Amino acid sequence: MSNLEEKIQNLSTQLIEQKVVACFLLLLNNALEKQEEIHYEIHEDILALQNKVHHYVLDLESILEKKETRLAALEDCIQLKKDILFVYETIYQYISLWNLYSIKINNEFNIRKFKKDNFFQEENIDWNAFYIDCVGFLKEAPNELEQRVRMSDIIKCLPFQMARAKYYNILEKNMDSIFQSEPEEIIERSLNIFAYSIIPEKNKNFGKYFPDIANWLLAHKDSTPKEYNDEQLEAEYEDFDTIFNELSAIKDMLSSLLDDTNSLLILFYIGYSFTELTEKNVAYADYYHTVCEMPVFSELEKEAYWERLKTSLENEIEAVLDKAKEINEKQIKYLQKVNDFSEFGEDTRKILWTEDFVRKCYFSNLDEDLLQFDVPEDAEEAPQECRKNKIHQFIEEVKTYLGTLAVADRKITMQILLGLFPLNFTVDELLSMVKTTLDNTTEKVLILDRIGAVMSSYGYGQEEEEHHHHDHHDHHDHHDHCNCTHP
């Protein structure tokens, strides 16, 4: 073994150890989190998932001491993760439909607000500065994929103005582009998710979880905000915000379940005993036992222990993650010197593979796992004919559904669908679409406001703020306007 390989192996082993300890502490910390209240009945399937995670936390010490029970728990947690994602598939659809149906209410609300505030003063807008911002926003994307995602977000801000034949041609070409080299299962999952985002009836489980929210969404599918008086519009706008907050709380609940399940997967896969996990810091065992005993504490005891324990855990987690970051930075420098990883010994390759598994579990999230979890890494690329047939079938299904909608609803749905996936346009092509749209609409300021909100969500024009990844389901406060260079 070369000196370089030995250093990489040792650093990888240390990094795995730090991540495993972090998962253990995060699991305890999450057990203390006070979750936001959900004002709808939680389905027994979800309660069963919560109970199972809680059971594993309470029994963690004994499970880790025996290989047989640990391996059985590992298999069970893989299924547990699948079950969480099965539930989230429907919640994802609710969030997507909320985004779709809220466009009309948000647009009408903003139009009336702008008129009331005398915000429609187009002569005061520096359109040249706005277009410069659009180009800057797209070109500052760290990579090509994110630039295409940003294009999709801007497309969703534009009123739909495109011949159907051209629209379906763009849709087909972009879908064919993003599915290049993808396995058949990924293509099928993605197309289902795209369909769920606009067609309620597509998902046979629609309404199974939180049926009151599902029924509320269906009731607002064909709403006509332009016909509302101001009082009705205000009430409807507030109702949409209320439902969004509920969906956010539900997603947070499932995210927490997924985080805990991923931590358990890492703990059960790596196989440290409880003694090995806690021997370097005796306080870890005390933290664990206190968390396990909390349910039988009196309210007074809980209050006394909770704040002190929470603070201790957060401090320990920060220290462990700082150490992991330090190790990772050293490891990257050595990895950059490797010319051929195939020359590494089998033990080193196994350790690096294990580190990769830990990393993927540690950083996984609901939206990515919904499409990718449990798809073999060596799955073969779908044949071109298969890919094109599936895309064609999807587009025909979309055409049929869009034919059932009123004109205004059809245009909004086509607009949202086009913005669901990264678009394969050049910056100049997208800018031309923006300019053409603004030249042919009476809603210039509304479009500017929406694009400005997208830019702000990425931190563009906010030099003091840390850049963050955009969640495609972010809800923007429509009372805030663009923070870019134009007024």
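I will try to describe carefully the structure that is included in this document. (Residues numbered from 1 in each chain as written. Predicted model: local features only at pLDDT ≥ 70, side-chain atom pairs only at ≥ 80, totals over all residues. Heavy atoms only, no water.)

### Here we look at the overall build of the protein
Within the protein one finds 19 helices and zero strands. Computed over its C-alpha atoms, the radius of gyration of the protein comes to 25 Å, within 12% of the 23 Å expected for a compact globule of 487 residues. Considered along the principal axes of its C-alpha atoms, the protein spans approximately 70 × 60 × 45 Å. Evaluated residue by residue, the protein yields a buried proportion of 49% over its 487 residues. Taking the intrachain contacts of the protein between residues at least 6 apart in sequence as the baseline, contacts between residues at least 24 apart amount to 85%. (Helix = DSSP H or I, 4+ residues; strand = E, 2+ residues; numbered from the N terminus. Rg over C-alpha atoms; globule rule 2.2 N^0.38 Å. Buried < 20%, exposed > 50% of the residue type's maximum accessible area, 1.4 Å probe, protein only. Contact = heavy atoms within 4.5 Å.)

### Comments concerning helix H12 (residues 282-293)
Helix length check: H12 (twelve residues) gives 17 Å between terminal C-alpha atoms against 16 Å at 1.5 Å per residue, within 8%. Buried residues of H12: Ala-283, Tyr-284, Ala-285, Tyr-287, Tyr-288, Thr-290, Val-291 and Cys-292, and no others. The opening residue of H12 is Asn-281, an N-cap whose side-chain oxygen sits 3.0 Å from the backbone nitrogen of Ala-283. (Expected span 1.5 Å × (residues − 1). Polar contact = N/O pair within 3.5 Å; in protein donor to acceptor, adjacent residues only side chain to side chain.)

### Quick word on the packing of aromatic side chains
Applying the stated rule across the entire model yields 24 aromatic pairs. Plain terms: the ring middles of Phe-130 and Tyr-131 are 5.5 Å apart, the flat faces sit at 55° to each other, and that makes the pair tilted. For the pair Phe-130 and Tyr-131, a shared accessibility class is recorded, and that class is buried. Ring plane angle 40° and centroid distance 6.4 Å describe the contact between Tyr-284 and Tyr-287, whose orientation is recorded as tilted. One end of the pair, Tyr-284, and the other, Tyr-287, are both in helix H12, three residues apart, so they sit about a helical turn from each other. Assessed through its relative accessible area of 7%, Tyr-284 is described here as buried. One cation-aromatic arrangement involves Lys-19 over Tyr-362; the distance from NZ or CZ to the ring centre is 4.8 Å. (Phe/Tyr/Trp six-rings, centres within 6.5 Å; stacked < 30°, edge-to-face > 60°. Lys NZ or Arg CZ within 6 Å of the ring centre and 35° of its normal.)

### Things to note about the pattern of salt bridges
Across all of its chains, the model carries 26 salt bridges by this definition. One salt bridge in this structure joins Lys-226 and Glu-108, with 3.6 Å as the shortest N-O distance. Of this pair, Lys-226 sits in the loop between helix H9 (211-219) and helix H10 (230-270) while Glu-108 sits in helix H4 (residues 67-116), and the two are 118 residues apart along the sequence. Accessibility expressed as a relative area gives 64% for Lys-226, which makes it exposed. Put simply, Lys-330 and Glu-326 hold a salt bridge, and the shortest N to O gap is 3.8 Å. In this pair, Lys-330 and Glu-326 are both assigned in helix H13 (residues 299-335), four residues apart and thus about one turn of the helix distant. Overlapping salt bridges bring together Glu-108, Arg-112, Lys-226 and Asp-230 as one network. (Salt bridge = Lys/Arg side-chain N within 4 Å of Asp/Glu carboxyl O.)

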